[in-house]
Amino acid sequence: MIWAWIALILLAALVATDRCFRRWVTPRIQNIFENVPPFNVATEKPLVDAECVSIVTSDGVTLQGSLINGHLPDPRGLLLFLPELRGNHWMARRYCEALIHFGYVVLAFDFRNQGESDSMPGYSPIHWVTEYEMTDVASMMEFVASRPELNSLPLLVCGVSRGGSAALLAACRFPKIRGVIADSAFGTMSMTKHFVDRFVSHVIPSWFYRLLPTWHIELTLREAMQLSEKSRGCRYVHLERERDRLKSGSVLLISGERDSYVTPEIATRLQEIIGNQCQLWIAPGAKHNMSRSACPEDYDRLVLKHAADCLGLEADAIPARDICALVGTVN
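Since the model is a prediction, treat every value here as computed from it, not as a measurement.

**Side note on the nonpolar core**
Okay, step 1: Among the nonpolar cores identified, the biggest contains 74 residues, and Leu 82, Leu 107, Leu 168, Val 180, Leu 253 and Ile 274 are the most heavily contacted of them.
Okay, step 2: The element best represented in this core is helix 5 (residues 162-173), accounting for 7 residues.
Okay, step 3: When near neighbours in sequence (up to four residues on either side) are disregarded, Leu 168 contacts Val 180, Ala 182, Ala 185, Leu 239, Leu 246, Val 251, Leu 253, Leu 270 and Ile 274.
Okay, step 4: Within the second largest apolar cluster, 34 residues are counted, among which are Phe 81, Trp 281, Cys 295 and Leu 302.

**Looking at empty space enclosed by the protein**
Regions of empty space are outlined by a rolling probe, equal in size to a water molecule, passed over the atoms.
Okay, step 1: Scanning the entire structure with this criterion turns up 3 cavities of 30 Å³ or more.
Okay, step 2: Approximately 90 Å³ is the volume found for the largest cavity.
Okay, step 3: What lines the largest cavity is simply Phe 21, Val 25, Ile 29, Val 196, Val 200, Ile 204, Tyr 209, Leu 212, His 216, Ile 217, Thr 220 and Leu 221.
Okay, step 4: Looking at the lining of the largest cavity element by element, the count peaks at 4 residues for helix 8 (residues 214-232).
Okay, step 5: There is about 40 Å³ of room inside the second largest cavity.
Okay, step 6: Every residue along the wall of the second largest cavity is listed here: His 127, Trp 128, Val 129, Ser 165, Leu 169, Phe 186, Gly 187, Thr 188, Val 237 and Leu 239.

**Brief notes about the layout of surface pockets**
Okay, step 1: Quantified by volume, the largest pocket comes out at close to 430 Å³.
Okay, step 2: Those elements that provide at least two residues to the lining of the largest pocket are helix 2 (92-101) and helix 6 (188-199).
Okay, step 3: Sorting elements by how many residues they give to the lining of the largest pocket places helix 6 first, with 3 residues.
Okay, step 4: A breakdown of the residues in the lining of the largest pocket according to their chemical character gives 10 nonpolar, 5 polar and 5 charged.

**Notes on the packing of helix 2 against helix 12 (residues 296-311)**
Okay, step 1: It is the contact of helix 2 with helix 12, at a shortest axis distance of 9 Å, that shows an interaxial angle of 55 degrees. By the criterion of interaxial angle, the relationship of helix 2 to helix 12 is oblique. Crossing hand, helix 2 versus helix 12: right-handed. Counting all contacts with helix 2, which are made through Tyr 95, Ala 98 and Leu 99, the residues of helix 12 involved are Tyr 299, Asp 300, Val 303, Leu 304 and Ala 307.
Okay, step 2: When the residues that make up the contact of helix 2 with helix 12 are grouped by side-chain class, the tally is 7 nonpolar, no polar and 1 charged.

Criteria and cut-off values
- Residues numbered from 1 in each chain as written.
- Predicted model: local features only at pLDDT ≥ 70, side-chain atom pairs only at ≥ 80, totals over all residues.
- Heavy atoms only, no water.
- Core = buried A, V, L, I, M, F, W, Y, C linked by side-chain atoms within 4.5 Å.
- Buried < 20%, exposed > 50% of the residue type's maximum accessible area, 1.4 Å probe, protein only.
- Helix = DSSP H or I, 4+ residues; strand = E, 2+ residues; numbered from the N terminus.
- Contact = heavy atoms within 4.5 Å.
- 1 Å grid on protein atoms, 1.4 Å probe; cavity = no way out; pocket = protein on both sides within 12 Å on 5 of 7 lines; lining within 4 Å.
- Points joined across faces, edges and corners; volume = space filled by probe spheres on them.
- Nonpolar A, V, L, I, M, F, W, Y, C, P; charged D, E, K, R; others polar.
- Axes fitted to C-alpha atoms, helices over the stretch in contact; angles between N-to-C directions.
- Parallel < 35°, antiparallel > 145°, perpendicular 65-115°, else oblique.
- Left-handed = near helix turned anticlockwise from the far one by under 90°.

What follows is the structure in structure tokens.
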């Protein structure tokens, strides 16, 4: 009986110590989680030949966007473009120029609190996708449904960085989307784990962190995210929880070889999360969001072929280089 009491006392002490530890460490992990990397975003100027459009979201925020190639008599398909954090909808031409040239209609919008769209009081967006951004995506889908000339077209989605993550989540939630091009995208939990592994020495000794079991680390990370949600008044969205609704063969991931934010290791992990038919191209020499700038011909070739494959079209005018040599799939 004495040993049973000793065991209970030790267990209670261990639980109390662990709880105190997590209460101390969680706000510090939250600071790492909310620390926005110093992105250098160069926005684009308006296009004179694009149609300016606006929509009001279900929670009353007005989003501004543009429609490129809306005048085409027989477009190949419709591409929804989602810009990166601090970017604007005019950046669609930078990443989708080949698709625009080969007859795709491109619809791009600024998320709330960025670009030309209205700001929602009390919300300050960071690099993680929240339900606010997904509400914006849902409103974009409703806009497409309200325009017969757009709703009749096969739909693709393309996004960059946070917009790429939102594009993957959009394909999980909207079966109408037939293909995804995600440039420099990431999963919330896997990305957070990477940054905690990298900067945890600022919080606790690295040797002590290595002793912690995986379940304990993940529990602490989730508590830090919940604390962040409470303080920022939002709810984060996790691709890891919704990936089962995503067709891996419809996804093309693009990442830069020299990307210090979404590293090739993170991109590879995202490919594994999505599934065995997901394609991943690591652009040689490219930094974050700069794959097309570094390798424009390969970038355009891959994007055009992926779009055509997803829509069951022939990839006209694509040079006959071996595309399969550029991309990889999970075995």
